[in-house]
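# An overview of the molecular structure
Each chain, written out:
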Amino acid sequence: MRAVHATRALCAAAGLLFAFGAAAQAPRTYTLKFNHVLGPKEPYHEGFLKWAKRVEERTKGGLKVEVFHSAQLGKEEDIIEQMRQGANLGQNTDSARMGNYVPAIAVMNGPYFVETLEEVGKLRKAPSVVKWQEELAGKHGLKVVCFNWVQGYRHFFTNKVVKKPEDLKGLRVRTPPAPIWQESVRALGAAPVAMAFGEMYPALQQKAIDGVELVYNNIPAGRFHEVLKNVAETRHILLINFEVVGSKWFDGLPRDYQAALTEECDRAGEETSRAILGSEEEVKKQLQARGMTVTQDVDLAAFRRAGEKAYEELKLVDVKNAVHREIGKK
């Protein structure tokens, strides 16, 4: 009888050891919860889903990216702070908000800083930009996965015809809550009002603001054509977006997973950016058909001159000039 009990005990122990060994050998899986403020119909959302699918396929399910639109996980600034503490979160953001940690990097969101996808591509190897990203990761816990997601050219959308900076005088225009945005809009002639993306539509309805400065694709997706009737094609910012995660979380990934996340981010960003810029004319036609007036004879030279004030105000003139030399922009 004792022999039977001993045999059973040995079998149970062997089973436990086998289960423990199997668990120890099972590959660990990782999940990134990725947040963005845009709606589910925006081209970026489709691009992020494509990025997520490719990462999961490439890592054979080892790294999953869950995409949350419309700021479902919370406000951008709150998400960024959680990322810095090591949370498995990611955020679509911009250099303006990264400028809260490394002030010089905000220059990339300044008026007319870069104006083509080719110039954006050159920024990747610019020594200044490389240094800023290293500082973000090393000192502030923010790893830039990629920054080649270009959302398009930003224009002023108002209920007033705007052709020159003086036409914006007295108009309250929404900006994201970061100094470079506010100073850029102020330099270009309007009064900046810091406000979250999701608050714009009701603010326009209630006339708390007089206009917004956005890219064409934001307008139908956010139904802003219902409350705004004019667009001035100022092209004042080619909006570069940053895909950012926490450094602590990123450093804990296997090297091949890190490569999958960054390389597929770059690939999806390039594809999405080109698709967006290619679709702008069609979106513009749709908005015109819905009653929006497009002002194309804008005094771009006057807006360019006005935009320089933002760099001066934030003491970023030398920074801007240095990066322009590095990428060969005249």
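An account of the accompanying structure is given in this report.

Rules and cut-offs
- Residues numbered from 1 in each chain as written.
- Predicted model: local features only at pLDDT ≥ 70, side-chain atom pairs only at ≥ 80, totals over all residues.
- Heavy atoms only, no water.
- Helix = DSSP H or I, 4+ residues; strand = E, 2+ residues; numbered from the N terminus.
- Areas by Shrake-Rupley, 256 points an atom, 1.4 Å probe, with all protein chains shown as cover.
- Lys, Arg positive; Asp, Glu negative; His and termini not counted.
- Charge placed at Lys NZ, Arg CZ, Asp CG, Glu CD.
- Phe/Tyr/Trp six-rings, centres within 6.5 Å; stacked < 30°, edge-to-face > 60°.
- Lys NZ or Arg CZ within 6 Å of the ring centre and 35° of its normal.
- Buried < 20%, exposed > 50% of the residue type's maximum accessible area, 1.4 Å probe, protein only.
- Disulfide = S-S within 2.5 Å.
- Contact = heavy atoms within 4.5 Å.
- Salt bridge = Lys/Arg side-chain N within 4 Å of Asp/Glu carboxyl O.
- Pairing = 2+ DSSP bridges.
- Right-handed = clockwise from strand over helix to strand, strands pointing away.
- Axes fitted to C-alpha atoms, helices over the stretch in contact; angles between N-to-C directions.
- Left-handed = near helix turned anticlockwise from the far one by under 90°.
- Nonpolar A, V, L, I, M, F, W, Y, C, P; charged D, E, K, R; others polar.
- Core = buried A, V, L, I, M, F, W, Y, C linked by side-chain atoms within 4.5 Å.
- Parallel < 35°, antiparallel > 145°, perpendicular 65-115°, else oblique.

Broken down by element type, the chain carries 13 helices and nine strands. The dimensions of the chain, computed from C-alpha atoms along their principal axes, are 100 × 45 × 30 Å. When the accessible area of the chain is evaluated, it comes to approximately 15,500 Å², of which 53% is carbon and sulfur surface. For the chain, the distance from the average site of its 47 positive side-chain charges to the average site of its 41 negative ones is 3 Å.

Looking now at the packing of aromatic side chains. The tally for this structure, following the rule as stated, stands at eleven aromatic pairs. When the centroid spacing of 6.4 Å and the interplanar angle of 85 degrees are considered together, the rings of F197 and F224 count as edge-to-face. Of this pair, F197 sits in the loop between β6 (191-194) and α8 (200-205) while F224 sits in the loop between α9 (218-222) and β8 (230-246), and the two are 27 residues apart along the sequence. Counting every residue linked through ring pairs, the aromatic cluster contains F34, Y44, F48, W51 and W149. Over the ring of Y153 we find R235, and its NZ or CZ is 3.9 Å from the ring centre. The aromatic ring of Y311 is capped on one face by K320, whose charged end is 4.8 Å from the ring centroid.

So, about unusual backbone geometry. Backbone geometry at A71 places phi at a positive 55 degrees, although glycine is not the residue there. Relative to the elements of secondary structure, A71 occurs in the loop between β2 (63-68) and α3 (76-84). Even without glycine at this site, R235 takes up a positive phi of about 50 degrees. If you trace the backbone, R235 turns up in strand β8. The partly exposed category is assigned to R235, whose relative accessible area is 38%.

Following the criterion strictly, the structure yields one disulfide and no others. Here C146 is linked by a disulfide to C265, with a sulfur-sulfur distance of 2.1 Å. Disulfide C146-C265: the torsion about the S-S bond is -50 degrees, which places it as left-handed. Of this pair, C146 sits in strand β4 (residues 142-158) while C265 sits in helix α11 (residues 255-289); the two residues are 119 residues apart in sequence, bridging distant segments of the chain. Exposure remark for C146: the relative accessible area of 3% places this residue in the buried category.

Right, let's get into the environment of T293. Within the secondary structure, T293 sits in strand β9 (residues 293-295). Taking C-alpha positions, T293 is 4.8 Å from N230, a pair spaced 63 residues apart along the chain. Excluding anything up to four places from it in sequence, T293 contacts K229, N230 and V231.

Our next topic: the pattern of salt bridges. All chains considered together, the criterion is met by 27 salt bridges. Through salt bridges with shared partners, a single ionic network connects E118, R124, D266, E270 and R274.

We now examine the pairing of β6. Bridge count between strand β5 (residues 172-175) and β6: four bridges; the pairing is parallel. Directly across from R172, in β6, lies its bridge partner A191. Handedness of the β-α-β unit built from β5, helix α7 (residues 179-187) and β6 comes out right-handed.

Two elements in contact, α7 and helix α12 (residues 300-313), have axes separated by 7 Å at closest approach and are oriented at 140 degrees. In this structure, the crossing between α7 and α12 has a hand that is right-handed. Together, E183, S184 and A187 of α7 and A306, G307, K309, A310 and E313 of α12 make up the contact between the two elements. When its residues are assigned to classes, the contact of α7 with α12 shows three nonpolar, two polar and three charged.

Let us now look at the side chain of T93. Along the chain, the position of T93 falls in strand β3 (residues 89-94). For T93, a relative accessible area of 2% puts it in the buried group. For T93, the residues in contact, after removing those within four places along its chain, are E76, I80, M98, I240, N241, F242 and V244.

Counting residues in each nonpolar core, the largest one holds 44 residues, and the members touching the most others are W51, F157 and L261. In terms of residue count, the dominant contributor to this core is α11 (seven residues). Dropping the residues within four chain positions of it, W51 is found in contact with F34, V145, E243, L261, E264, C265 and A268. The next biggest cluster of nonpolar side chains, apart from the first, holds 40 residues, and it includes M108, Y153, I240 and Y311.

A few words now on the packing of helix α6 (residues 127-140) against helix α13 (residues 317-327). Contact geometry for α6 and α13: axes closest at 8 Å, N-to-C directions at 120 degrees. Of the possible angle classes, the one that applies to α6 and α13 is oblique. Touching P127, S128 and W132 of α6 are V319, V323 and E326, all from α13. Within the contact of α6 with α13, the residues separate by chemical class into four nonpolar, one polar and one charged.

These results come straight from atomic positions and should not be treated as a statement about function.
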